[in-house]
Amino acid sequence: MVAFLEQHELDGASVLEVGGGVGEIHIELMKLGASHAVNLELSPAYDAEANRLLQEAGLQGRADRRLHDIAVDPDAVEPADVVVLHRVVCCYPDYQRLLSSAADHARRLLVFSHPPDNAIARLIIGAQNSFFRLMRREFRVFTHPPEAMLAVLAERGLHATYTHNGSAWRIAGLER
């Protein structure tokens, strides 16, 4: 993801990372010249480690962390030059709503990762979801059709210019 983004001018860019966890990606992007980042999370569990990493990198004060679901309330989030969704779409049941909201917030670039849509990935995800059901957890993971995800983003004016097909994760980079 960073490889795609560093091919573009990042000096002074704003970053919106949806589901950024501890913020490793937006920290790297700020080291490459991005001015500010907003990380949207659904859980506060990452906050302590995220703050430690920002302080360690000397970037405290340049990133905001918010508990917020952009798909449910997109108007409460400002647009950014760069939008990042790493290992997020597979955790969200309504990829259309999530990606539409993310695309509407991307002024220049959007990059996202997703598991491959193949038999092995579906088997692994099925096993994970069976485990979650057995443990009485509500959380589920999903394999959404890659072509359909890209179509949602294309409808919002983004076009794919980068792909990486790793064995566990696929990455798509899009530009406005």
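Everything numeric in this text was worked out from a predicted model, so none of it was measured.

The buried fraction of strand E5 (residues 106-114) amounts to 7 of the 9 residues, a majority that puts the element mostly inside the structure. When strand E4 (residues 80-85) meets E5, the two strands line up parallel, connected through 5 bridges. Following the sheet pairing, Val84 is matched in E5 by Val111. In this fold, the crossover linking E4 to E5 by way of helix H4 (residues 95-104) has right-handed handedness. Judged from the 6 bridges that link them, E5 and strand E7 (residues 170-175) form a sheet pairing that is antiparallel. Bridge pairing in E7 links Leu109 to Glu175.

What follows concerns the layout of surface pockets. The gaps of empty space that remain are located by a probe, the size of a water molecule, rolled over the atoms. In this structure, the largest pocket spans a volume of roughly 620 Å³. Along the walls of the largest pocket sit 27 residues, with Gly19, Glu41, His86, Arg87 and Val88 positioned nearest its centre. Elements with a contribution of two residues or more to the lining of the largest pocket: strand E1 (14-18), helix H2 (24-31) and strand E2 (36-41). Looking at the lining of the largest pocket residue by residue, the class counts come to 15 nonpolar, 7 polar and 5 charged. Considered as a void within the structure, the second largest pocket measures approximately 240 Å³ in volume. Every residue lining the second largest pocket is counted, 14 residues in all, and those nearest its centre are Pro115, Pro116, Ala121, Ile124 and Ala168.

It is worth spelling out helix H5 (residues 119-134) at this point. Taking 1.5 Å of rise per residue, the 16 residues of H5 would be expected to cover 22 Å, and the 22 Å separating its terminal C-alpha atoms lies within 8% of that figure. Within the sequence span of H5, burial applies to Ala121, Ile125, Asn129 and Phe132. Angular distribution of buried residues about the axis of H5 spans 65 degrees; they occupy a single face of the element. Facing away from the buried surface of H5 by more than 90 degrees, the exposed residues are Ala119, Ile120, Leu123 and Leu134. Two or three places before Ile120, at the start of H5, stands the capping residue Asn118, its side-chain oxygen 3.2 Å from that residue's backbone nitrogen. Within two residues after H5, Arg136 carries a phi angle of roughly 60 degrees, on the positive side.

All right, on to the nonpolar core then. In terms of nonpolar packing, the biggest core is built from 27 residues, with Leu16, Val18, Leu85, Leu98, Leu110 and Phe112 touching the most fellow members. At the level of elements, E1, E2, E4, H4, E5, helix H6 (146-155) and E7 are the ones that each hand at least two residues to this core. The element contributing the most residues to this core is H4, with 5 residues. Excluding residues within four positions of it along the chain, Phe112 makes contact with Met1, Leu85, Val89, Met149, Leu150, Leu153, Arg170, Ile171, Ala172 and Leu174. Counting residues in each nonpolar core, the second largest holds 24 residues, with Ile27, Met30, Leu54 and Ile171 among its members.

Now for the environment of His105. Within the fold, His105 resides in the loop between H4 and E5. Between the C-alpha atoms of His105 and Val77, which are 28 residues apart in sequence, the distance is 8.0 Å. The contacts of His105, once residues within four sequence positions are left out, are Leu16, Ile70, Pro74, Val77, Glu78, Pro79, Ala80 and Val83.

Right, let's get into the sheet that holds E2. One open sheet holds the 7 strands; their spatial order is E3-E2-E1-E4-E5-E7-E6, and the pairing between them is mixed. Sheet topology places strand E3 (63-67) and strand E6 (159-165) at the edges, where each strand pairs with a single neighbour. Taken over all neighbouring pairs, the strand axes of this sheet differ in orientation by 15 degrees on average, direction set aside. Relative to E7, E6 is paired through 6 bridges, and the arrangement is antiparallel. Bridge pairing in E7 places Tyr162 opposite Gly173. Running at roughly 170 degrees to E5, H6 makes contact with E5, E6 and E7 of the sheet.

Here is what the cut-offs are and how they apply
Residues numbered from 1 in each chain as written. Predicted model: local features only at pLDDT ≥ 70, side-chain atom pairs only at ≥ 80, totals over all residues. Heavy atoms only, no water. Buried < 20%, exposed > 50% of the residue type's maximum accessible area, 1.4 Å probe, protein only. Helix = DSSP H or I, 4+ residues; strand = E, 2+ residues; numbered from the N terminus. Pairing = 2+ DSSP bridges. Right-handed = clockwise from strand over helix to strand, strands pointing away. 1 Å grid on protein atoms, 1.4 Å probe; cavity = no way out; pocket = protein on both sides within 12 Å on 5 of 7 lines; lining within 4 Å. Points joined across faces, edges and corners; volume = space filled by probe spheres on them. Nonpolar A, V, L, I, M, F, W, Y, C, P; charged D, E, K, R; others polar. Expected span 1.5 Å × (residues − 1). Arc of directions from axis to C-beta. Polar contact = N/O pair within 3.5 Å; in protein donor to acceptor, adjacent residues only side chain to side chain. Core = buried A, V, L, I, M, F, W, Y, C linked by side-chain atoms within 4.5 Å. Contact = heavy atoms within 4.5 Å. Axes fitted to C-alpha atoms, helices over the stretch in contact; angles between N-to-C directions.

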